[in-house]
Number of protein chains: 2
Amino acid sequence: MARTTKREEIIQAADRLFYRRGYEHTSFSDIAQDVQISRGNFYYHFKTKDEILDAVIQARLAYTQQMLSLWETEGDRPEERIRCFIRILIVNQAKILSYGCPVGTLCSELAKLGHPLQADANKLFTLFRVWLRHQFVKMGHAKDADDLAMHLLARSQGVATLANAFHDETFINQEVQQLCDWLDAQAITAKT
Amino acid sequence: MARTTKREEIIQAADRLFYRRGYEHTSFSDIAQDVQISRGNFYYHFKTKDEILDAVIQARLAYTQQMLSLWETEGDRPEERIRCFIRILIVNQAKILSYGCPVGTLCSELAKLGHPLQADANKLFTLFRVWLRHQFVKMGHAKDADDLAMHLLARSQGVATLANAFHDETFINQEVQQLCDWLDAQAITAKT
DNA sequence: TGGATTTTAGGACGATTGTCCTAATTGGTC
DNA sequence: GACCAATTAGGACAATCGTCCTAAAATCCA
């Protein structure tokens, strides 16, 4: 039983499956089978597939925000916090090698589908963008904080995409090192 | 009539649709409607959907190779040729803003589908990788040519993904400028 | 012109999709 | 034990999917 309701169980399963197989390639049956309920009973919890996607996106936004808040308390310098962001490439290495970045791949898919929830999915990117911008401002990069945030986001995306395609974990480690070096360089230029 | 056969017409339409809507979200009907043939007649040209995908990938490989060969003849320094690669972010700006990178999004999708043609699609990345590596070797980066090639590929991928999500063309221009600067820096460190 | 070949249109097929309805079951409250 | 609400299972539904068959039409060649 634990604390999770059936609804939360469904959202968790959908979250996992949407990431692994993609949104469109995941069916009601797949999710229902995963949480051990009948396919028909699905309608009681969610009226449409978009409703599940919406719930999944909201859940991702929630725990992403939670993660960012947690990082905010770790370390006392903004560089160390940004390093937390860079390190997710290492922490989630295995998943990234198999399925890419959860945010990037979802946004790409929804863009191709012309899906109405596209904008909501993009908020995931915005969450990271705003948080990173905030950190760069604190580093002394008031002027180009947003550019630096976008730059770092893009670098991470690229690493995830390539690592996924080539199934290359050495590449991830190399690029993470370069990103850390880049970050250090930004810390130096900021003070001047 | 021109020179194109019906089969080539189908491949072209499928190529375009796979890029815009994604592979799975494009149906036989969609392609058939695009090239003005009946849905049933499709079977005469292609037995399965995978067969079309295979043909599309082969076509992409062919004209990508052709493009790389063309770049090989432009300019006399490898830096100028690599700049051709970077510039596709500008040349295909409108499409990238709407649909992302054709290579990256296809590989990501096929990875999620666990599709057997995944490896063939990845050859598109390899084509660029090998070509870029070749240019970096000529620049004097014999040792780290492959790392530089992968790095540049990843940067481009990230830019495409973010530009697509945020529909931001200014971001593309900024990042292209940074990539060119980075390339110049590599040209300098190579000679030493 | 006549016959062979290529290409076509139309529809059947079984499976799967998202959606929706209904009747049965469960669980808690008086 | 009786009542009420929450939750369930099973299946119907129309549409769409990829696949495949067949007969007609178009095209080519002798």
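The rules behind the values
Residues numbered from 1 in each chain as written. Chains lettered and ligands numbered in written order. Predicted model: local features only at pLDDT ≥ 70, side-chain atom pairs only at ≥ 80, totals over all residues. Heavy atoms only, no water. Helix = DSSP H or I, 4+ residues; strand = E, 2+ residues; numbered from the N terminus. Buried < 20%, exposed > 50% of the residue type's maximum accessible area, 1.4 Å probe, protein only. Contact = heavy atoms within 4.5 Å. Near = heavy atom within 4 Å. Polar contact = N/O pair within 3.5 Å; in protein donor to acceptor, adjacent residues only side chain to side chain. Nonpolar A, V, L, I, M, F, W, Y, C, P; charged D, E, K, R; others polar. Buried area = accessible area lost by both parts, 1.4 Å probe. Least-squares fit on C-alpha atoms with pLDDT ≥ 70 in both.

Peer 1: Quick question: what am I supposed to make of the side chain of B:Gln157 here?
Peer 2: Examined against the element boundaries, B:Gln157 turns out to sit in helix 9 (residues 145-166). According to the relative accessible area criterion, B:Gln157 is buried, its value standing at 6%. Setting aside anything within four residues of it in sequence, one finds B:Gln157 in contact with A:Gly158, A:Thr161, A:Leu162, B:Cys101, B:Gly104 and B:Phe125.

Peer 1: Help me out: how do you make sense of the protein's contact with DNA strand D in this one?
Peer 2: Within the structure, DNA strand D sits among 16 residues, and A:Ser38, A:Asn41, A:Tyr44, A:His45 and B:Lys49 are positioned closest to it. Atoms of DNA strand D within 4 Å of the protein: sugar and phosphate make up 61%, bases the balance. Interatomic distance of 3.3 Å between a side-chain N/O atom of B:Ser27 and a phosphate oxygen of DNA strand D. Every element with two or more residues in the surface near DNA strand D is listed here: helix 3 (42-45) of chain A together with helix 2 (28-35) of chain B. Its residues placed into classes, the surface near DNA strand D shows four nonpolar, nine polar and three charged.

Peer 1: I keep staring at the interface of chain A and chain B and nothing clicks. Help me out?
Peer 2: Where the parts come together, the accessible area they lose is often given as the size of the interface. Between chain A and chain B, the contact holds 36 residues from the first and 36 residues from the second. In this assembly, chain A packs against chain B so that about 3,100 Å² is buried in total across both faces, 60% of it on carbon and sulfur atoms. A per-residue breakdown of the area chain A buries against chain B is headed by A:Lys112, A:Met150 and A:Phe166, which together make up 22% of the total. Elements that contribute at least two residues to the side of chain A that touches chain B include exactly helix 1 (6-21), helix 7 (102-113), helix 8 (118-139), helix 9 (145-166) and helix 10 (169-191) of chain A.

Peer 1: Just to check I follow, could you spell out the relation of the copies chain A and chain B for this structure?
Peer 2: A rotation about an axis combined with a shift along that same axis relates the two copies of the chain. For the pair chain A and chain B, the best superposition has an RMSD of 0.0 Å and corresponds to a rotation of 180° with a translation of 0.0 Å parallel to the axis. Look at the turn and shift together and you get a two-fold axis relating the two. Ranked by how close their C-alpha atoms come to the rotation axis, the residues of chain A are headed by A:Gly158, at 2.0 Å. A share of 100% of interface residues in chain A that are also interface residues in chain B marks the association as one of identical surfaces.

Geometric descriptors of this kind do not, in isolation, establish any biological role.
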